[in-house]
Amino acid sequence: MAAPSLVRSSVFRLPLLPVAVLGLPAAVAIWVVGADANRILTRTTEAAIQRETGELRAIFETGGFDALAGAVVERSRGSGPALFFLADAAGEKRAGNLAAPPAGMQDNLGRSTQRGVFVYPPAGMSAGGGSRTAAGVRIEVGRSGYLVVGRDIEDQRELLTSLYTRLAVGLAGLALLGTVAGLLLARYILRRIARMSAASTAIMSGNLSERIPLTGDGDELDRLADHLNAMLARIEDLMTGLREVSDNIAHDLR
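Residues numbered from 1 in each chain as written. Predicted model: local features only at pLDDT ≥ 70, side-chain atom pairs only at ≥ 80, totals over all residues. Heavy atoms only, no water.

**Looking at a nonpolar patch on the surface**
1) Next: Together, Leu24, Val28, Trp31, Val32 and Tyr164 make up a nonpolar patch on the protein surface, roughly 510 Å² of accessible area in all.
2) Next: Ranked by residue count, the leading element in the nonpolar patch is helix 2 (residues 10-76), at 4 residues.
3) Next: Checked against the element boundaries, leucine 24 lands in helix 2. (Patch = residues over 30% accessible without salt bridge, like charges linked within 9 Å, V, L, I, M, F, W, Y side chains within 5 Å. Areas by Shrake-Rupley, 256 points an atom, 1.4 Å probe, with all protein chains shown as cover. Salt bridge = Lys/Arg side-chain N within 4 Å of Asp/Glu carboxyl O. Helix = DSSP H or I, 4+ residues; strand = E, 2+ residues; numbered from the N terminus.)

**Description of helix 3 (residues 154-204)**
Because an α-helix completes one turn every 3.6 residues, residues spaced three or four positions apart along the sequence face the same direction.
1) Next: Its 51 residues place the ends of helix 3 73 Å apart at the C-alpha level, agreeing with the 75 Å of an ideal helix rising 1.5 Å per residue.
2) Next: Among the residues of helix 3, Glu154, Leu160, Gly178, Gly182, Ala186, Ile189, Leu190, Arg192, Met196, Ala199 and Ile203 are the ones counted as buried. (Expected span 1.5 Å × (residues − 1). Buried < 20%, exposed > 50% of the residue type's maximum accessible area, 1.4 Å probe, protein only.)

**Topic: the environment of asparagine 207**
1) Next: Within the secondary structure layout, asparagine 207 lies in the loop between helix 3 and helix 4 (220-253).
2) Next: In this structure asparagine 207 comes out as partly exposed when scored by relative accessible area, which is 33%.
3) Next: Considered as a pair, asparagine 207 and glutamate 236 are 29 residues apart in the sequence and their alpha carbons are 9.6 Å apart.

**Some words on the pairing of strand 5 (residues 145-152)**
1) Next: For strand 5, the tally of buried residues reaches 8 of 8 residues, placing the bulk of the element in the interior.
2) Next: Of the two faces of strand 5, the one lined by Gly145, Leu147, Val149 and Arg151 and the one lined by Tyr146, Val148, Gly150 and Asp152 are each fully buried.
3) Next: Where strand 1 (residues 82-88) and strand 5 come together, 7 bridges link them in antiparallel fashion. Within strand 5, the residue paired with leucine 86 across the bridge is leucine 147.
4) Next: With 7 bridges connecting them, strand 4 (residues 132-140) and strand 5 associate as antiparallel partners. Each bridged residue has a counterpart across the sheet, and for arginine 138 the counterpart in strand 5 is valine 148.
5) Next: The turn linking strand 4 back onto strand 5 is made up of 4 residues, and glycine 142 within it adopts a positive phi angle of 60°. (Pairing = 2+ DSSP bridges.)

**Description of the pattern of salt bridges**
1) Next: Summed over all chains, the structure comprises 8 salt bridges.
2) Next: Two residues, arginine 75 and glutamate 52, come together in a salt bridge whose shortest N-O distance is 2.6 Å.
3) Next: Of the charged contacts, one joins arginine 132 and aspartate 152 as a salt bridge, the two residues approaching to 2.8 Å between their closest N and O atoms. Separated by 20 residues along the polypeptide, arginine 132 in strand 4 and aspartate 152 in strand 5 bring together distant segments of the chain.
4) Next: Residue arginine 132 is classed as partly exposed on the basis of its relative accessible area of 23%.
5) Next: Looking at aspartate 152, the relative accessible area reads 12%, which means it is buried.
6) Next: Ionic contacts of the salt-bridge type, sharing partners, join the residues Glu52, Glu55 and Arg75 into one network.

**What about the sheet that holds strand 2 (residues 93-95)?**
1) Next: Ordered in space as 2-1-5-4-3, the 5 strands form an open sheet in which the pairing is antiparallel. Only two strands of the sheet have a single partner each, and these edge strands are strand 2 and strand 3 (115-120). Neighbour-to-neighbour, the strand axes of this sheet turn through a mean angle of 35°, independent of strand direction.
2) Next: In terms of strand pairing, strand 1 meets strand 2 through 2 bridges, oriented antiparallel. Across the sheet, the residue bridging to leucine 86 is alanine 95, located in strand 2.
3) Next: Packing of helix 3 onto the sheet brings it into contact with strand 4 and strand 5, and relative to strand 4 it is tilted by some 135°. (Axes fitted to C-alpha atoms, helices over the stretch in contact; angles between N-to-C directions. Contact = heavy atoms within 4.5 Å.)

Written as structure tokens, this is what we have:
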């Protein structure tokens, strides 16, 4: 059976119908899962930044700029996701684990803002040697300077990308599996139909002793073939009886 005939057959299209029907909800589910994961991670990051900002603002209001610088130095130690850059009134760095102030934080529309996303080079790497993505907020600390409090979100972005990729691959695999299953099913059924058609052609040519082949599976096609064979046997008996009557009449007339 040629491939175009398989594709055009109803037995190929029918298995693909549930795949197509389920494909749209699956795609929507992928989008919803990704959106929910992104929302949860974003809320977690924003909560951490707000907490750090509130605590550091309280330290500044209580102890002044020097106390704030000491707190930033202390919190900048280690390899966690927290990021800081404290600058004095002249714009010079006083403390923090960011090598330079963010070139420009942007919102979702790409506009400059005091709160948003920026890129930065990891510690020990030059600005041209690679970068990571972070979310942060810039606050003014009186007339003494400004403070950037951020959070690395590169791992979150990679996690979301991996999640979307895996879900998309799963959906594509489901579609491919449905297509292959449809082709195999169509090939199997159309072969059986071809054998039934060949038997029918022989019968229509006058060979009433021909019978539609059975596979022994007992499925719908076997039951249909069995009923047709019973009908053919009955027709053959009637034709044999009619032939005998005709022969007898001809004999009597002679």
